[in-house]
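# Inside the fold
Here is how the chains run, residue by residue.
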Amino acid sequence: MRLATQSSPVDVLIVGSGAGGGMAAYALTRAGVNVTVLEAGGPWDNTTDSAMFTWPYQSPRRGASTKDRPFGEFDGCIGGWDIPGEPYTVARGDKFRWWRARMVGGRTNHWGRISLRFGPRDFKAKTFDGLGDDWPIKYDDVAPYYDKLEQLVGVFGSKENVPNAPDSIFLPAPKPRCYELFVLDAARRLNVTCIPARLSILTRPLNGRAACHYCGQCNRGCKTNSNFSSTNVLIAPALKTGKLTLKTNAMVREITLDRTGRASGVIYIDTTDGSEHHIEARVVVLAASACETSRLLLNSKSPSFPNGLANGSGTVGKYLTDTTGTDAGGFVPKMMDPVPHNHDGVGGMHVYMPWWLDNKKLDFPRGYHIEVWGGTGLPEAGFGGGIQERNGGGYGKQLKNDYRRYYGAYVGFSGRGEMIPNDGSYCEIDPRVVDKWGIPVLRFHWKFTDHEYLQVKHMQETFRALITEMGGTPWGNMPSKEDGYGIAAGGVIIHELGGARMGADPKTSVVNSNCQTHEVKNLFVADGSPFTSQADKNPTWTIMALSMRTSEYIAAQLKARTL
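What counts, and where the lines are drawn
- Residues numbered from 1 in each chain as written.
- Predicted model: local features only at pLDDT ≥ 70, side-chain atom pairs only at ≥ 80, totals over all residues.
- Heavy atoms only, no water.
- Helix = DSSP H or I, 4+ residues; strand = E, 2+ residues; numbered from the N terminus.
- Buried < 20%, exposed > 50% of the residue type's maximum accessible area, 1.4 Å probe, protein only.
- Lys, Arg positive; Asp, Glu negative; His and termini not counted.
- Salt bridge = Lys/Arg side-chain N within 4 Å of Asp/Glu carboxyl O.
- Polar contact = N/O pair within 3.5 Å; in protein donor to acceptor, adjacent residues only side chain to side chain.
- Contact = heavy atoms within 4.5 Å.
- Pairing = 2+ DSSP bridges.
- 1 Å grid on protein atoms, 1.4 Å probe; cavity = no way out; pocket = protein on both sides within 12 Å on 5 of 7 lines; lining within 4 Å.
- Points joined across faces, edges and corners; volume = space filled by probe spheres on them.
- Nonpolar A, V, L, I, M, F, W, Y, C, P; charged D, E, K, R; others polar.
- Patch = residues over 30% accessible without salt bridge, like charges linked within 9 Å, V, L, I, M, F, W, Y side chains within 5 Å.
- Areas by Shrake-Rupley, 256 points an atom, 1.4 Å probe, with all protein chains shown as cover.
- Axes fitted to C-alpha atoms, helices over the stretch in contact; angles between N-to-C directions.
- Expected span 1.5 Å × (residues − 1).
- Left-handed = near helix turned anticlockwise from the far one by under 90°.

## Focus: unusual backbone geometry
Although it is not a glycine, asparagine 207 adopts a positive phi angle of roughly 50°. Mapped onto the fold, asparagine 207 is located in the loop between β7 (195-196) and α7 (230-240). A positive phi angle, close to 80°, is found at alanine 535, a residue other than glycine. Among the structural elements, alanine 535 can be located in the loop between β19 (523-525) and α11 (540-559).

## Comments concerning the side chain of arginine 209
For arginine 209, the position within the fold is in the loop between β7 and α7. Buried and without a salt bridge, arginine 209 has aspartate 45 as its closest oppositely charged side chain, separated by 12 Å. Here valine 153 takes part through its backbone oxygen, which lies 2.8 Å from a polar atom of the side chain of arginine 209. Excluding residues that lie within four positions of it along the chain, arginine 209 makes contacts with Leu152, Val153, Leu202, Asn225, Ser226, Asn227, Phe228 and Val233.

## Side note on the sheet that holds strand β12 (residues 324-331)
Taken in spatial order, the 6 strands make up an open sheet running β7-β13-β14-β15-β12-β18, and their pairing is antiparallel. The two strands at the open ends of the sheet, each matched to only one other strand, are β7 and β18 (473-474). When β12 meets strand β15 (residues 410-417), the two strands line up antiparallel, connected through 8 bridges. What sits directly across from glycine 330, in β15, is valine 411.

## What to know about empty space enclosed by the protein
Taken as a whole, this structure holds 2 cavities of 30 Å³ or more when the rule is applied. Roughly 70 Å³ of internal volume is contained in the largest cavity. Forming the walls of the largest cavity are Met52, Cys212, His213, Tyr214, Cys215, Gln217, Cys218, Gly221, Cys222, Ser226 and Asn227. In terms of residue class, the lining of the largest cavity is built from 6 nonpolar, 5 polar and no charged.

## Here we look at a nonpolar patch on the surface
Taken together, the side chains of Trp55, Tyr57 and Leu378 present a nonpolar region at the surface, about 340 Å² in accessible area. Residue placement: tryptophan 55 occurs in the loop between α2 (46-49) and β4 (79-80). Taking relative accessible area as the criterion, tryptophan 55 reaches 44% and is therefore assigned partly exposed.

## Let's talk about the pairing of strand β14 (residues 368-374)
Most of β14 is tucked away: 6 of the 7 residues are buried. Here strand β13 (residues 351-353) pairs with β14 via 2 bridges, running antiparallel. Note on β14: the bridge partner recorded for methionine 353 is isoleucine 370. Sheet analysis places β14 next to β15, joined by 7 bridges and oriented antiparallel. The partner of tyrosine 368 across the bridge, within β15, is glycine 417.

## Re the layout of surface pockets
Put simply, the second largest pocket is a space of about 510 Å³. Along the walls of the second largest pocket sit 27 residues, with Arg121, Asn164, Trp355, Leu357 and Asn359 positioned nearest its centre. Only α3 (120-123) and α4 (125-129) provide two or more residues apiece to the lining of the second largest pocket. The element contributing the most residues to the lining of the second largest pocket is α4, with 3 residues. Broken down by class, the residue content of the lining of the second largest pocket amounts to 13 nonpolar, 5 polar and 9 charged.

## Some thoughts on the sheet that holds strand β17 (residues 440-445)
Here 3 strands make up an open sheet; going across it, the order is β5-β17-β16 and the pairing mixed. Across the chains shown, the open sheet's two edge strands, defined by having one partner strand only, are β5 (89-90) and β16 (426-434). With 2 bridges joining them, β5 and β17 adopt parallel strand pairing. Looking at the pairing, valine 90 lines up with phenylalanine 444 of β17. Sheet strands touched by helix α8 (residues 290-299): β16 and β17. Its angle to β17, the strand with the most contacts, is close to 120°.

## Thoughts on the pattern of salt bridges
Applying the stated criterion across every chain, the model contains 28 salt bridges. The closest approach of N and O atoms between arginine 189 and glutamate 469, which form a salt bridge, is 2.6 Å. Residue arginine 189 is found in helix α6 (residues 178-189), and its partner glutamate 469 is found in helix α10 (residues 450-469); the two are separated by 280 residues along the sequence. With a shortest N-O distance of 3.9 Å, aspartate 327 and arginine 416 are connected by a salt bridge. Taken together, the residues span a long stretch of sequence, with aspartate 327 in strand β12 and arginine 416 in strand β15 at a distance of 89 residues. The class for arginine 416 is buried, based on a relative accessible area of 13%. Counted as one network, the salt bridges with shared partners bring together Glu86, Arg102, Glu292, Arg295 and Asp435.

## Notes on α10
End to end, α10 covers 28 Å across 20 residues, agreeing with the expected 28 Å (1.5 Å per residue, within 8%). Buried within α10 are the following residues: Glu452, Gln455, Val456, His458, Met459, Gln460, Thr462, Phe463, Arg464, Leu466 and Ile467. Buried positions along α10 lie against α6, β12, β13, β14, β15 and β18.

## Section: the packing of helix α1 (residues 19-30) against α11
Contact geometry of α1 with α11 gives a least axis separation of 8 Å together with a crossing angle of 35°. Between α1 and α11 lies a crossing of right-handed hand. Facing α1, whose interface residues are Ala19, Gly20, Met23, Ala24, Ala27 and Leu28, α11 presents Thr540, Ile543, Met544, Ser547, Met548, Ser551, Ile554 and Ala555. Residues of the contact of α1 with α11, tallied by class, amount to 10 nonpolar, 4 polar and no charged.

This is the structure:
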């Protein structure tokens, strides 16, 4: 097959259009740099393509999940853990699921928009407990970029001075809903810190974007751009500069090198017709997601890099982590027979619980935060399921009355905690399996340790104590040790990090403090793969802050002609 190559190299080529890739495109084009973004998925514009105002009864599926929308028919993210023609494998006996988004904006169309800064301790965790590795940067290096991010994107919340949960430049937080007031009261009695949530959803107009009107359908993609997605907050403004070229349906196969060992561009496959293309670039930025970036590096072999590009340390694909997670919910009788009232709110929680305890007094290191859910969501497929467990059910008028009585009479909690990197969690190239374009796929190995299992046990105990304190009854029994205390399998929480980790020593890391690969000076990484450790916070806010920081460095180096 003849390889098509464009006539002249672009300044910066970015692989991926999600949180990291979108931010890199935005920052670089504003700096006057000519940028091309390659996105493996298709076009998407939440202002026109979202089903935000569609009632479930307008579809015969009533909102039930589909193959390319596992979280519901109207969900804003096209992709999933299983994509036809794009397999991955898992080592025998291990459990791991790999989510991929296939659309402009990537996983930001799935993200719950929980926007938490990493704290000072998160960058230097080994200093405190001796586990894992410290980052080669500190909180103060990233804080100015968090500030810029918050002024660009917007995040609501409140200043609370919680240790290691830094305050942001906040928009006003929405008031707690009825069920969240019950949660606040129970948390206060049990001495569990509970504060306003921190989500990148506008409660005041910002930078030409309207404030949220509280339809509650953020997961569908926001037609008014009141919540964040890379598509219209980052990519669209970058396109308006005239400095960005966006190519969709472009599946990158490998990074190419010139005779001097510099990255010269990438080879990608046009997924609409299977044709291969080579696009040249002065600088290449990988922002394809942690595992996909690892796959690209491992598949980019050459005589100079027989084990994969920028992999002289042997750590590409290594030290993968995912957020630890488990859930519990329960029936709360005092929330039955609700008085009809306005349930205004964003498509997400109005309160959450940051880590509030001292690990020195516990049997596990590192912490977790608690996300809160419940109340009266929009009825759709699956609504009211399990009503028979609450002494309800039957037929006809009685069933309808029971639905009304029990509607929203539940509350639930999701723990999201820090996994410590270990040698048993990594990805590699499967020697026998390729995808439908002939690209070798990843094989995953996964291992949790007692650090994670005991943390999740504490989550379950805390959730059940909160439900009981509310006068409720938890659903189901406490998960056993044999069941891992209910821990979610690797990849299920969709917060994979690592694979091209940051470090000062090229012998033990892939990128330096500017997310520049040690061995290829014009190759950078701007997604979750450089993370040295996880933290008890959702990673997207830090992915974007680091991408902005890296992009400013690239722009300065291009201007000085040192790249």
